[in-house]
Structure formats: C-alpha cells, structure tokens
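Remarks on the overall topology
Okay, here's what each chain looks like letter by letter:
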Amino acid sequence: MSSEVQNWMLRHPAYQLMKTLEVEDSEQIHAAFLVYMDLSEVRKWIQVSCVKSSELQLVLLEGKEKEGAPTQTILPMPVHRSLSHKRIRQVLDRGFPALLCAVASDSTLVYQRMTDGLVTPDPPTGPFQDVDRRQHRKRRLQR
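Residues numbered from 1 in each chain as written. Predicted model: local features only at pLDDT ≥ 70, side-chain atom pairs only at ≥ 80, totals over all residues. Heavy atoms only, no water.

1. A word on the sheet that holds strand β5 (residues 109-114)
Across the sheet, 5 strands lie side by side as β1-β2-β3-β4-β5; this open sheet has mixed pairing. Either end of the sheet is taken by a strand with one partner, and the two such strands are β1 (46-53) and β5. Taken pair by pair, the neighbouring strands of this sheet meet at an average axis angle of 30°, ignoring direction. When strand β3 (residues 72-78) meets strand β4 (residues 98-103), the two strands line up parallel, connected through 6 bridges. Residue pairing for β4: L75 is matched across the bridge by L100. In the packing of helix α3 (residues 26-42) onto the sheet, the strands contacted are β1, β2 (58-64), β3, β4 and β5, and the crossing angle to β3 comes to about 130°. (Pairing = 2+ DSSP bridges. Helix = DSSP H or I, 4+ residues; strand = E, 2+ residues; numbered from the N terminus. Axes fitted to C-alpha atoms, helices over the stretch in contact; angles between N-to-C directions. Contact = heavy atoms within 4.5 Å.)

Rendered as structure tokens:
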C-alpha cells in the first residue's frame, strides 16, 4: 500500500475516532475502518458509528441499511482471526441484528449474518434451474 494512501486513511476522522477508543489491536481497527468506509460510502448505510466493546476489546460498528431499518451491529474481523462462541454470543447479546464482516488482506469484504440459533435459508432466487439434469432424466426414462 502506498504511503500516500495509507497516510490518507490514518488522517480520516473515522479512523482517528476509532484510535481514541483505545483498542490495542491495530489490525482490527484497520479492518473496522475498511468496513466503515464500505458501509457509509459504498453501500450508503446511514448513522454508521463505531463503538468499543470493552468485553471483546474490539471496535464494533453500528448502523442502519436505510431510514426506518433497525440498527445492526457489525463485527469487523481480519479473515485469519478465529472467533469463539463466547465472543459471538457477546455480540449477539447487544440486542441488535448482527453481521460478521471478514476482511481479507486485499481488502475484500465478506458479510455474514449472525443469528441466535439456526435459521433456514431462503430458497435461491433467479433463473437457477437444473435443466440439464432434468433433460437427462427424461431421456433416460424414455429409453
């Protein structure tokens, strides 16, 4: 990463605010800043803010996808870090819907919704059909 880009990031008000939260994990602060920028500038979430989780010693983000939507907690984590059930429970116990955002070293972000228990996924949407397999079955049955 060029020093000019990195210096810009270090001077950004949101990054400066995250530094004042006194979380010692600079890598997690960097991940939180990248997620903050994605949510507020790219995805256009509103009321995105950073808060310190004293129990976890991490920066969490809170925000809303759009006006009238519920506040969500976002846990930004470098992709190579592991999470215990206890740490996930502490995020879920905040009372807001929660997202985990895995942040790769190339700044790729992957969001995963965290829930209290198992949730049945929604069926796939779109023009996904197993046409080839059905036609193969039809041909086999016609023989």
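There's plenty left to go through after this.
2. Brief notes about helix α2 (residues 13-20)
Residues of α2 that are buried: A14, Y15 and M18. The buried side chains of α2 occupy one side of the element, clustering within an arc of 100° when seen end-on. Exposed positions of α2 whose direction lies more than 90 degrees from the buried face are P13 and T20. With its phi angle positive at about 60°, E22 sits one or two positions after the end of α2. (Buried < 20%, exposed > 50% of the residue type's maximum accessible area, 1.4 Å probe, protein only. Arc of directions from axis to C-beta.)

3. Quick look at the nonpolar core
Core analysis: the biggest nonpolar cluster contains 24 residues, and M18, V59, L61 and I74 have the highest contact counts within it. Looking at which element gives the most residues to this core, the answer is α3, with 9 residues. Every residue in contact with V59, bar those within four places of it in the chain, is listed here: M18, L21, V23, Q28, I29, A32, C50, V51 and P76. One finds L60, V91, L92 and M114 within the second-largest nonpolar core, a separate group that totals 9 residues. (Core = buried A, V, L, I, M, F, W, Y, C linked by side-chain atoms within 4.5 Å.)

4. Regarding the pattern of salt bridges
Scanning the model with the defined rule gives 6 salt bridges in all. Taking the shortest distance from any N to any O, the salt bridge between E27 and R81 comes out at 2.7 Å. Pair noted here: E27 is in helix α3 and R81 is in the loop between β3 and α4 (85-92), with a separation of 54 residues, a long-range link. You can call E27 partly exposed: its relative accessible area is 35%. For R81, a relative accessible area of 30% gives the class partly exposed. We note a salt bridge from E62 to R94, for which the minimum N-O separation is 2.3 Å. One end of the pair, E62, is in strand β2; the other, R94, is in the loop between α4 and β4, with 32 residues separating them in the sequence. Three or more residues joined by partner-sharing salt bridges are found here, namely D25, E27 and R81. (Salt bridge = Lys/Arg side-chain N within 4 Å of Asp/Glu carboxyl O.)

5. Quick word on the packing of α2 against α3
Between α2 and α3, the least distance of the axes is 10 Å, while the angle of their chain directions is 145°. Regarding α2 and α3, the two cross each other, and that crossing is right-handed. On α3, the residues that touch A14, Y15, M18 and K19 of α2 are I29, H30, A32, F33 and Y36. Looking at the contact of α2 with α3, its residues break down into 7 nonpolar, 1 polar and 1 charged. (Left-handed = near helix turned anticlockwise from the far one by under 90°. Nonpolar A, V, L, I, M, F, W, Y, C, P; charged D, E, K, R; others polar.)

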